[in-house]
Each structure stands twice: as C-alpha cells, then as structure tokens.
Amino acid sequence: MAPARNALKKREHVREFALRLPGAAEEYPWGETVAKADRKVFVFLGVDDGTHPLGLTVKLRDEAAHAHALTAPRAEPAGYGLGRAGWVHIPLVGAGAPAAELLCEWVEESYRSIAPKRLIAELDARVE
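Residues numbered from 1 in each chain as written. Predicted model: local features only at pLDDT ≥ 70, side-chain atom pairs only at ≥ 80, totals over all residues. Heavy atoms only, no water.

Any chance you could explain the overall build of the protein here in plain terms?
Across its full length, the protein holds four helices and six strands. In terms of overall size, the protein behaves like a compact globule, its C-alpha atoms giving a radius of gyration of 14 Å where 128 residues would be expected to give roughly 14 Å. C-alpha atoms of the protein, sized along the principal axes, occupy 40 × 30 × 25 Å. Within the protein, buried positions represent 45% of all 128 residues. Partitioning the intrachain contacts of the protein with sequence separation of at least 6 by distance along the chain shows that 52% fall at a separation of at least 24. Only carbon and sulfur atoms are counted for the fraction: they give 54% of the accessible area of the protein, which is about 7,200 Å². (Helix = DSSP H or I, 4+ residues; strand = E, 2+ residues; numbered from the N terminus. Rg over C-alpha atoms; globule rule 2.2 N^0.38 Å. Buried < 20%, exposed > 50% of the residue type's maximum accessible area, 1.4 Å probe, protein only. Contact = heavy atoms within 4.5 Å. Areas by Shrake-Rupley, 256 points an atom, 1.4 Å probe, with all protein chains shown as cover.)

Here is the structure:
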C-alpha cells in the first residue's frame, strides 16, 4: 500500500506544480485529469481512483529529455498516435519511477512546447 500512497503524493505534487504555471487550468475530459494552457493539454495526469495504474503523460521535444523519460521503468510512447508527436507516458509506481522534481521538469518542458509565447514569457519573468 505504501508504494501507491507515495505515487499519489508524487502525482499531487506534480498536479499542484502544473496548476501554478501561468494560465494553467484543470479539466476532466474522458474522466481523466489534465492540465491545459490556452485550452491545449500539456500534461495528462490520468485517474487516481485505482482503476488504472498511476502515471502521467507529457510532450518532450528535447531529444535528451525524451530519451531520458523513456528509460523510466515501463515508460513508453503515448498511445493514440501521440507518441509520434513526442508524448511519453511515465508510470509513477514501482522501483525506479522518476522523482517528483524530475517529473515537474518534464511537465514544464511539456508546458513550454504547448503554451502560447505570452504565457511562456510570463513564466520566464517569474524565474528571473
């Protein structure tokens, strides 16, 4: 039970991070939690009701980050043809699952590949 509890905490940490990004909004299409910027999904957070293994899906255009994400245990290109566009599904449970901080880095990269320039500029202004 502890691994699932840790994965839930990790998922919540990543969810909170995603929703703090400029213009981010949470929605629930298909019964799944997603975070959107300007009506475009930048992270799929899945469901947390126990019907599916905990995981998230992000778009990673940077080749090194994409390759790194795929080294996580059971990580794979996203289904429904999204994998061809750089989307990667990353499980949150199990030995070797990425730490929340790394997942947040990947979420930010996904956000930067999806969000409009004005929101990215707002994010960059926060960092400076």
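What follows continues from the structure just given.
I'm lost on the sheet that holds strand β3 (residues 40-46) in this one. Help?
Across a sheet, strands are paired by hydrogen bonds formed along the backbone, either parallel or antiparallel in direction. Judged by pairing direction, the sheet is antiparallel, and its six strands sit side by side in the order β1-β2-β3-β4-β6-β5 without closing on themselves. The two strands at the open ends of the sheet, each matched to only one other strand, are β1 (24-27) and β5 (76-77). Bridge analysis of β3 against strand β4 (residues 55-59) gives two bridges, and the strand direction is antiparallel. Following the sheet pairing, phenylalanine 44 is matched in β4 by threonine 57. Here helix α3 (residues 100-114) sits on the sheet and contacts β2 (33-37), β3, β4 and β6 (87-91); the angle it forms with β4, its principal contact strand, is near 40°. (Pairing = 2+ DSSP bridges. Axes fitted to C-alpha atoms, helices over the stretch in contact; angles between N-to-C directions.)

Is there a simple way to explain the pattern of salt bridges in this structure?
A side chain with one charge may pair with a side chain of the opposite charge, provided their charged atoms come close. Applying the stated criterion to the full structure yields nine salt bridges. Ionic pairing is found between aspartate 38 and arginine 118, a salt bridge with its closest N-O pair at 3.4 Å. Within this pair, whereas aspartate 38 is found in the loop between β2 and β3, its partner arginine 118 is found in helix α4 (residues 117-127), the two being separated by 80 residues in sequence. Its relative accessible area of 54% is what places arginine 118 among the exposed residues. (Salt bridge = Lys/Arg side-chain N within 4 Å of Asp/Glu carboxyl O.)

For this particular structure, what's the right way to read the pairing of β1?
Regular strands show a simple pattern: their side chains alternate between the two faces of the sheet. With four bridges connecting them, β1 and β2 associate as antiparallel partners. Among the inter-strand pairings, alanine 25 is bridged to a residue of β2, identified as lysine 36. Counting the residues between successive antiparallel strands, the hairpin from β1 to β2 contains five residues, one of them, tryptophan 30, with a positive phi of roughly 55°.

Teacher, can you tell me more about unusual backbone geometry here?
For residues besides glycine, phi is generally negative; the peptide bonds are generally trans as well. Of note in the backbone geometry, tryptophan 30 takes a positive phi value of approximately 55° without being a glycine. In this fold, tryptophan 30 is placed in the loop between β1 and β2. At tyrosine 80, a residue that is not glycine, the phi angle is positive and equals roughly 60°. Under the relative-accessibility criterion, tyrosine 80 is labelled exposed at 87%.

All we've got here are geometric facts, nothing functional implied.
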